[in-house]
Amino acid sequence: MRSEPSIAIARPGREGVLAVWLATLVAVGCTGTPDLAPRPARLTPRGGPAGLSTTVTITGAGFFPRTVQAASGGPVSLTTTHRAWLDDLELADVTWVDFGTLRATIPGGLALGPHTLTVENGLGRRGTLAGAWTVLQPAVLALSATVAPAQVSVGQPLTVSVTASNTGGAAIRGLTVTLTPSGAGALAGRLVGAPFDLAPGGRQVVDLRLTAAAAGAVVLGVAGQGQEDMSDRTVAGSASDLALLVQSRAALVAHLFIPFAIAPDSTFQVRMLVENTGQATAEAVKPGTLAAVPGSTGALQPVTGPTPASADVPGGGQATFTWSYQLGSAGTVRLRGGAAGLDTNDRGPVSAPVVDSNQGGQLPEVTGVALDPFGDGTPVAALAVRGGLLYVGPSRDGSTFWRLDPASGTSVALPIEIAVDDGASKADNAAWRASPPATTFGASGCIPNSLACGPCNESGGGMLAGGVFAGVEWLLYAGASTNRTRYLYLATQEGSALAFAAVDLDALLPTTTVTPTAVSFAPARAGGGDRIYVALADVATRNGPHLVALSTAPAGPVLDAASPGDALNLAIASMPGVGGSAGSLSNPDSQPRVEAMAWFRERLYLASGGALVRASVAVPGGYATAPADWADATPASPAWLGRRGLPASGGSGLTPADRATPALAAFGTCGAGPCLFLARNVEGVSPPVVPQLWQCDPGLVGDADACDPFDWSLAAPNRAGDLDLAQLGDPTNGAASLLLATPRYLYLGFDNAATGVQLYRTEVVPSSRHDFRGRDGCLAGTAGCQGLGGNGFGDPGVTRFFGAQALGSAGASTLYVAAGDASSPLRLFALPE
């Protein structure tokens with residue numbers, strides 16, 4: 001039995017509901033027969049979705065309670081029980097509020113359409129209201145949105161179009177569309193649309209017109225909200241987020257370069273580098289007409305150019321335009337010009353102001369480029385080329401690279417920023433993990449886990465190289481450590497600092513790996529993509545050396561290289577003559593290492609102090625599992641086999657003279673392709689380290705495109721003294737410390753403690769020492785013939801070479817050489833061709 005709520009009423013004389021109720025009865029009685037039936041007038045809300053229970057308010061009149069008094073007398077109470085139905089379905093939780101108000105809950109389950117309300121008051125009387133409640137097919141809001149354009153420049157207008165659809169059965173009133181932007185970029189304009197109604201099955205497009213206000217990526221959240229007709233239920237929906245890129249407008253800066261050395265009556269190249277310092281692409285950039293700067297004394301005649309006629313320059317990128325000019329007479333030359341294009345987003349014009357080139361003219365054989373380029377006395381540094389620029393470094397404290405633009409002669413010291421791995425296999429240096437990015441590759445002798453060491457406690461000079469990998473030009477550095485080395489660092493972008501990503505080889509290398517010793521960029525070939533090969537030494541003799549083939553470029557700050565997906569350890573420790581665990585053919589050095597590598601005629605070559613091995617396929621597998629992918633290429637000559645290569649000692653801060661095989665170089669023509677040259681240092685007496693030069697003609701024996709043991713011969717050997725050496729007639733020449741080829745010359749240089757470094761070059765495949773030329777074109781080996789630029793490049797105290805790189809310019813090359821004495825500040829020299 002249902003319990004009946006009641007209200008206790010005070011005795012007569014007190015105000016209360018009883019008094020109101022009695023007064024109501026009197027008033028009704030005075031007018032005739034009382035109408036005590038309820039008169040429902042409205043349900044609020046007036047409808048709702050099928051299947052949902054809804055709390056409603058019933059308003060009207062005649063919602064009378066019933067008075068109750070016990071037979072024995074006492075206080076009178078009111079019973080406020082009321083009941084209500086929609087058709088035959090009784091409502092739940094019917095609650096009396098006052099004589100004209102009830103609250104109730106409509107259960108789910110009613111059929112679609114209108115329903116009659118019946119109310120029973122406390123007196124048992126009933127009243128009805130036809131069509132009081134309508135069960136609706138609910139409104140369903142669907143939103144979709146587009147932004148056009150999706151890439152804009154700052155200040156450019158854009159439109160976000162939001163399509164709102166009502167796929168339900170009830171109308172939506174007061175629907176508003178709201179955009180919520182997030183991200184680094186910013187927009188100006190109204191982000192909320194004007195409200196509108198959307199009928200069942202209706203569709204409406206709302207266009208919100210905005211303006212790009214600040215550069216950066218923007219994510220636009222799109223949402224809509226309104227009220228469902230009759231039910232007053234909130235109806236909401238959202239569209240997929242919109243991605244918008246706001247870029248700073250394209251902004252062009254031009255740099256005009258001509259060679260420093262221009263021979264009279266020669267054709268030379270003019271280059272204009274156009275940089276886009278904005279973010280939006282500059283389309284159809286065209287150089288203006290070049291003109292001679294007043295004061296130029298050389299007679300100039302344009303030949304061809306510009307090439308290309310126009311180019312698109314991406315944001316942060318650059319394009320190079322070239323011309324050919326002829327210098328009709330000796331004199332100085334300076335040109336000026338500018339460039340212009342269109343912003344790819346707003347189609348507005350952008351231009352680079354007119355600039356003057358550097359001055360060109362006739363230069364000496366060797367010029368000093370920089371003395372102590374870092375300004376800190378750094379004595380030794382490596383050289384590499386990337387993007388037509390020369391990089392030297394790192395500095396003494398491992399924090400800086402020095403960059404030279406050979407075309408303009410401008411240089412800049414670039415601080416470095418190195419990603420610090422704080423992932424599953426963290427970088428070893430806890431100090432840098434606490435404050436990334438690292439800003440040094442490590443100073444020699446630094447205290448581990450200090451900010452003076454590298455991210456993985458690197459503590460000395462390592463390997464620096466440049467090359468193309470995965471379609472991008474990279475600068476690679478790999479630092480040395482007395483504890484452990486497992487990272488390669490790759491940089492492809494620079495701004496105020498040179499930013500290096502970290503490649504973690506922890507999954508491939510044992511903890512006894514200590515230093516990188518050689519690197520080679522191998523281009524993509526049939527059977528596999530391009531790779532970077534890096535050789536590393538190991539303090540455990542039998543463990544090393546290691547050869548890692550990296551096949552995945554870092555896409556972010558850190559690449560945890562997985563094996564074999566990203567990189568592969570080619571397991572060369574058991575490779576005869578190279579590895580430390582090859583049994584009776586093991587490398588005899590206390591710390592076996594690969595001294596040099598080269599990519600020659602589609603194959604990788606590895607050189608140690610006593611052996612030379614080449615890959616027999618373009619993409620070799622590990623030696624331990626695929627030995628057939630490798631072949632012996634060691635010269636089968638008594639001059640090689642009978643001389644002990646310079647033993648490997650140490651692994652940090654190696655200079656060319658510390659290596660048994662400092663370099664290999666392809667030059668000239670042997671059969672259907674170039675010859676391969678190899679510089680080797682062997683033990684001597686005075687000097688203690690003495691040089692050999694070896695030449696391979698692949699067509700002599702076996703594979704016509706590969707160097708086999710009997711394809712090798714001594715090149716330009718001594719004609720007096722030790723006939724197994726190649727000292728070019730100077731018995732004081734020590735270690736071969738420079739071997740490098742350009743399209744025109746093969747360069748061969750020696751450390752010399754007696755007279756200073758000696759550098760020679762030949763335009764032909766050398767059959768004798770006289771094929772090499774020195775200062776003023778003298779024949780090497782003839783009386784008084786010094787190396788190019790004179791003894792020690794004019795300073796006999798410059799006794800050692802540390803590195804060399806060639807950069808092309810105006811159809812020729814300039815050789816850049818780092819030299820010194822390994823204790824005084826480093827010096828950089830240039831030899832224009």
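From a predicted model like this one, the values you see are computed outputs, not experimental measurements. (Residues numbered from 1 in each chain as written. Predicted model: local features only at pLDDT ≥ 70, side-chain atom pairs only at ≥ 80, totals over all residues. Heavy atoms only, no water.)

Engineer: What is the right way to read the sheet that holds strand S46 (residues 603-607) from this model?
Structural biologist: In sheet architecture, strand pairing relies on hydrogen bonds along the backbone and comes in two forms, parallel and antiparallel. Read from one edge to the other, the open sheet built from four strands follows the order S45-S46-S47-S48, with strand pairing classed as antiparallel. The open sheet terminates on both sides in strands that have one partner only, identified here as strand S45 (596-600) and strand S48 (630-632). On average, each strand axis in the sheet is tilted by 25° relative to the strand beside it, whichever way the strands run. Of the pairings in the sheet, the one linking S46 to strand S47 (residues 612-615) comprises three bridges and is antiparallel in character. (Pairing = 2+ DSSP bridges. Helix = DSSP H or I, 4+ residues; strand = E, 2+ residues; numbered from the N terminus. Axes fitted to C-alpha atoms, helices over the stretch in contact; angles between N-to-C directions.)

Engineer: Sorry if this is basic, but what is going on with the layout of surface pockets here?
Structural biologist: Once rolled over the atoms, a probe with the size of a water molecule shows which space is left empty. Of the voids in this model, the second largest pocket is the one considered here, and its volume is about 1,000 Å³. Along the walls of the second largest pocket sit 32 residues, with Leu 273, Glu 275, Gln 318, Leu 389 and Arg 403 positioned nearest its centre. Residue assignment for the lining of the second largest pocket shows that the elements contributing at least two residues are strand S22 (252-257), strand S23 (266-276), strand S28 (318-327), strand S33 (389-393), strand S34 (400-404), strand S35 (411-418), strand S37 (472-480) and strand S38 (487-494). Taken together, the residues that form the lining of the second largest pocket break down as eight nonpolar, 17 polar and seven charged. (1 Å grid on protein atoms, 1.4 Å probe; cavity = no way out; pocket = protein on both sides within 12 Å on 5 of 7 lines; lining within 4 Å. Points joined across faces, edges and corners; volume = space filled by probe spheres on them. Nonpolar A, V, L, I, M, F, W, Y, C, P; charged D, E, K, R; others polar.)

Engineer: I tried to follow the pattern of salt bridges on my own but got confused; where do I start?
Structural biologist: Side chains that differ in charge, positive against negative, can pair when their charged atoms come close. Throughout the structure, instances matching the rule amount to 27 salt bridges. Its salt-bridge partner being Arg 403, residue Glu 494 comes within 1.9 Å of it at the nearest N-O pair. A residue pair is termed long-range when its members are at least 10 positions apart, and Glu 494 in strand S38 and Arg 403 in strand S34 qualify at 91 residues. Judged by its relative accessible area of 25%, Glu 494 is partly exposed. For the salt bridge of Arg 744 with Glu 763, the shortest nitrogen-to-oxygen distance reads 3.3 Å. In this pair, Arg 744 sits in the loop between strand S53 (736-741) and strand S54 (746-750) while Glu 763 sits in the loop between strand S55 (758-762) and strand S56 (800-809), placing the two residues 19 residues apart along the sequence. When salt bridges that share partners are traced, they join Arg 173, Asp 229 and Asp 232 into one network. (Salt bridge = Lys/Arg side-chain N within 4 Å of Asp/Glu carboxyl O. Buried < 20%, exposed > 50% of the residue type's maximum accessible area, 1.4 Å probe, protein only.)

Engineer: How should the pairing of strand S24 (residues 282-287) be read in this particular structure?
Structural biologist: Every regular strand shows the same layout, with side chains that alternate between the two sheet faces. Sheet topology note: the S24/strand S29 (residues 335-343) ladder contains four bridges and is antiparallel. Counted as the bridge partner of Lys 286 is Ala 340 from S29. Examined bridge by bridge, S24 and strand S27 (residues 311-313) share two bridges and lie antiparallel to one another. Paired with Val 285 across the two strands is Ala 311, which belongs to S27.

Engineer: Looking at this structure, I do not really get unusual backbone geometry. What am I missing?
Structural biologist: Where the residue is not glycine, phi is negative for most of them; where a peptide bond is considered, it is trans in most cases. Omega for the bond connecting Ala 148 with Pro 149 falls within 30 degrees of zero, at -10°, which places this linkage in the cis form. Summarising the element assignment, Pro 149 is placed in the loop between strand S13 (141-148) and strand S14 (151-153). The linkage connecting Ser 563 with the following residue, Pro 564, adopts the cis geometry, with an omega of 5°. Of note, Pro 564 is situated in the loop between strand S43 (558-560) and strand S44 (567-569). We note that Asp 372 has phi near 55°; this positive angle belongs to a residue other than glycine. Within the secondary structure, Asp 372 is located in the loop between strand S31 (367-371) and strand S32 (382-386). The phi angle at Arg 601 is positive, at roughly 45°, despite the residue not being glycine. Looking at where Arg 601 falls in the secondary structure, it is placed in the loop between S45 and S46.

Engineer: Would you mind going over the pairing of strand S4 (residues 54-61) with me for this structure?
Structural biologist: Pairing of strand S2 (residues 39-44) with S4 involves five bridges; the strand directions are antiparallel. Counted as the bridge partner of Arg 39 is Ala 61 from S4. Here S4 runs beside strand S10 (residues 101-106); their pairing, made up of six bridges, is antiparallel. Its bridge partner lying in S10, Val 56 is registered against Ala 104.

Engineer: What is the right way to look at empty space enclosed by the protein in this model?
Structural biologist: Applying the stated criterion across every chain yields a total of three cavities of 30 Å³ or more. One number sums up the size of the largest cavity: a volume of about 50 Å³. Lining the largest cavity we find 13 residues, and of these Pro 49, Leu 52, Pro 107, Trp 133 and Val 135 sit closest to its centre. Secondary structure elements with two or more residues in the lining of the largest cavity: strand S3 (47-49) and strand S12 (126-136).

Engineer: Is there a simple way to think about the sheet that holds strand S21 (residues 234-247) in this case?
Structural biologist: The sheet built from five strands is open, its strands ordered S14-S21-S20-S16-S18 with mixed pairing. This sheet does not close on itself; its edge strands, each paired only once, are S14 and strand S18 (196-198). The average angle at which neighbouring strand axes cross in this sheet is 40°, direction not considered. Looking at chain direction, strand S20 (residues 216-228) and S21 are connected through 11 bridges and run antiparallel. What sits directly across from Gln 225, in S21, is Ala 236.

Engineer: Would you mind showing me how to read the confidence of the model for the protein chain here?
Structural biologist: A low pLDDT score tells you not to read the predicted coordinates there in detail. Looking at the protein chain, the pLDDT average stands at 90 and 93% of residues meet or exceed 70. Considering only residues more than four positions removed or in separate chains, one finds that residues 1-15, a stretch of pLDDT under 50, has 29 contacts. This stretch, residues 25-31, has a pLDDT under 50; its non-local contacts, to residues over four places away or in other chains, come to three contacts. (pLDDT = per-residue confidence, 0-100. Contact = heavy atoms within 4.5 Å.)

Engineer: Sorry if this is basic, but what is going on with the nonpolar core here?
Structural biologist: One recurring pattern in soluble globular proteins is that nonpolar side chains are buried together. Counting residues in hydrophobic clusters, the biggest one holds 32 residues, and the most contacted among them are Leu 141, Leu 158, Val 160, Val 162, Leu 179, Leu 187 and Leu 244. Contributing elements (two or more residues each) for this core: S13, strand S15 (157-166), strand S16 (172-183), S18, strand S19 (203-214), S20 and S21. The element best represented in this core is S21, accounting for five residues. Leave out the neighbours within four places in its chain, and Leu 244 touches Val 147, Pro 149, Ala 150, Gln 151, Val 152, Leu 158, Leu 187, Gly 216, Ala 217 and Val 218. (Core = buried A, V, L, I, M, F, W, Y, C linked by side-chain atoms within 4.5 Å.)

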